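Observations on chain architecture
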Amino acid sequence: MLAQRTLKTLTRAVGVGLHSGQRVEITLRPAPPDTGIVFRRVDLPEPIDIVVSTLAVTDTRMASTISNGDVKVHTIEHLMSACAGLGLDNLYVDITAEEVPILDGSAASFVFLLQSAGIVMQSAPRRFIRLLEPVEVRQGLGDNVKWARLAPYHGYQLSFEIDFSHPAVDSTGQRVLFDMSTGSYSKDIARARTFGFTKDVEMMRANGLALGGGLDNAIVMDDYKVLNAGGLRYDDEFVKHKILDAMGDLYVVGKPLLASYSAFRSGHALNNLLLRELLNQPQAWDVVTFDNEKLAPSGFAQLARAW
Ligand SMILES: [Zn+2]
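Before going into details, it helps to say that this report is about the structure given with it. (Residues numbered from 1 in each chain as written. Predicted model: local features only at pLDDT ≥ 70, side-chain atom pairs only at ≥ 80, totals over all residues. Heavy atoms only, no water.)

Quick word on the overall build of the chain
As a reminder, the rule being used: Secondary structure elements follow DSSP: runs of H or I of four or more residues count as helices, runs of E of two or more count as strands, with numbering from the N terminus. Based on C-alpha atoms, the radius of gyration is set beside the globule rule, defined as 2.2 Å times the residue count to the power 0.38. Residue burial is assigned from relative accessible area. The probe radius is 1.4 Å, only protein chains are included, and a residue is buried under 20% of its type maximum, exposed over 50%, and partly exposed in between. Here, two residues are considered to be in contact whenever any of their heavy atoms come within 4.5 Å of each other. Only the protein chains shown count as cover for residues, with accessible areas throughout obtained via the Shrake-Rupley method and a probe of 1.4 Å. Charge counting follows a simple rule: Lys and Arg are positive, Asp and Glu are negative, and His as well as the terminal groups are ignored. For charged residues, the charge sits on one atom: NZ in Lys, CZ in Arg, CG in Asp, CD in Glu.
Along the chain, the regular secondary structure elements total eight helices and 19 strands. By the compact-globule yardstick of 19 Å for 307 residues, the chain fits well, its C-alpha radius of gyration being 18 Å. C-alpha extents for the chain along the principal axes are approximately 55 × 50 × 35 Å. Every one of the 307 residues in the chain was classed for burial, and the buried ones make up 55%. A separation threshold of at least 6 residues defines the contact pool for the chain, and within that pool the share at least 24 residues apart is 75%. Of the accessible surface of the chain, which amounts to about 13,200 Å², a share of 51% is contributed by carbon and sulfur atoms. Positive and negative side-chain charges in the chain, numbering 30 and 35 respectively, have mean positions lying 4 Å apart.

Thoughts on the side chain of Glu99
So the rule is basically this: The term salt bridge refers to a pairing of a side-chain nitrogen on Lys or Arg with a carboxyl oxygen on Asp or Glu at a separation within 4 Å. Here a polar contact is taken to be a pair of N or O atoms separated by no more than 3.5 Å, where protein atoms must pair a possible hydrogen donor with a possible acceptor and residues adjacent in sequence count only if both atoms sit in side chains.
For Glu99, the location among the structural elements is in the loop between strand E9 (91-95) and helix H2 (108-117). Nearest to the buried, unbridged Glu99 among oppositely charged side chains is Arg41, at 11 Å. From its side chain, Glu99 meets the backbone nitrogen of Ser20 in a polar contact 2.8 Å long.

Some words on the nonpolar core
Our working definition: Side-chain atoms within 4.5 Å link the members of a nonpolar core, which is a set of buried Ala, Val, Leu, Ile, Met, Phe, Trp, Tyr and Cys residues.
If you look at the biggest cluster of nonpolar residues, it comprises 83 residues, and the most contacted ones within it are Phe39, Tyr185, Leu257 and Tyr261. For this core, the leading source of residues is helix H6 (residues 237-251), giving eight residues. Beyond its immediate chain neighbours, meaning those up to four positions away, Leu257 contacts Ile129, Leu131, Leu150, Gly155, Tyr156, Leu250, Leu278 and Phe300.

Observations regarding a negative patch on the surface
Cut-off, in case you're wondering: Two distance rules govern patches: like charges are joined within 9 Å, and nonpolar side chains (Val, Leu, Ile, Met, Phe, Trp, Tyr) within 5 Å, applied only to residues with over 30% relative accessible area and no salt bridge.
A cluster of acidic residues, Asp143, Glu161, Asp163 and Asp170, forms a negative patch on the protein surface. In this fold, Asp143 is placed in the loop between strand E12 (135-139) and strand E13 (146-151).

In structure tokens, the structure reads:
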């Protein structure tokens, strides 16, 4: 059986929120089968849980925010991406503030934390959402068009294309295809950092955003070039970060997808809209398990071997 997974033991990290600049501690803890990923605000007088789901995502302007009533957690996407990349189904995330720490701006620190704690199999089958028909969302016209699409595929593959008119971005790869069957998420995708432009930073800070952002947790560019002394981690780090984000944005659906995702200039908002469209079209997908691991797509079976 291809089984659900959780952590072997708990692990902790301390950092600052990218937008709030607030100090925050997260504790990642094992959770029983079929729990999913649950954030728990432990700084409130009574702890409040927010169960990650497509409809729990209530704001996608700068990052993905989930809510339960007035209680929020911002910027969940990089931790969610690490969980998707490592095939982690069940996890409690105790958090002491309103925003997940940005750490190094990528998912690499979360991958390290989760792998250090260890990942164990559980006694319940892993349930996948299998696409049966394509589902697509599209916004804008002409130069402003953006779209995202899920189509049937025996495995999980993501193809992303960006189109920034900025010399430092345009000189790098604009398109990336990543397939889970390579087993190379940690090496090829997880290290890609978030990025921003100095001209936007002033405006964002005036609006109380990016207060924790800087050269140690983002790629920062002026009008011409990358300002980070160490340059880029990958030649095509920008578009790889968009794949990293998409994996996190899509994992909020609560189950791994068996699908081919493709997107042009998509982001947190359109990715969440794509999931809502998927849920609106129940004929376009079903839920499957694999009693025989050998019948599962290779990337998922490889993950099962790793621990
Ligand atoms: Zn991101």
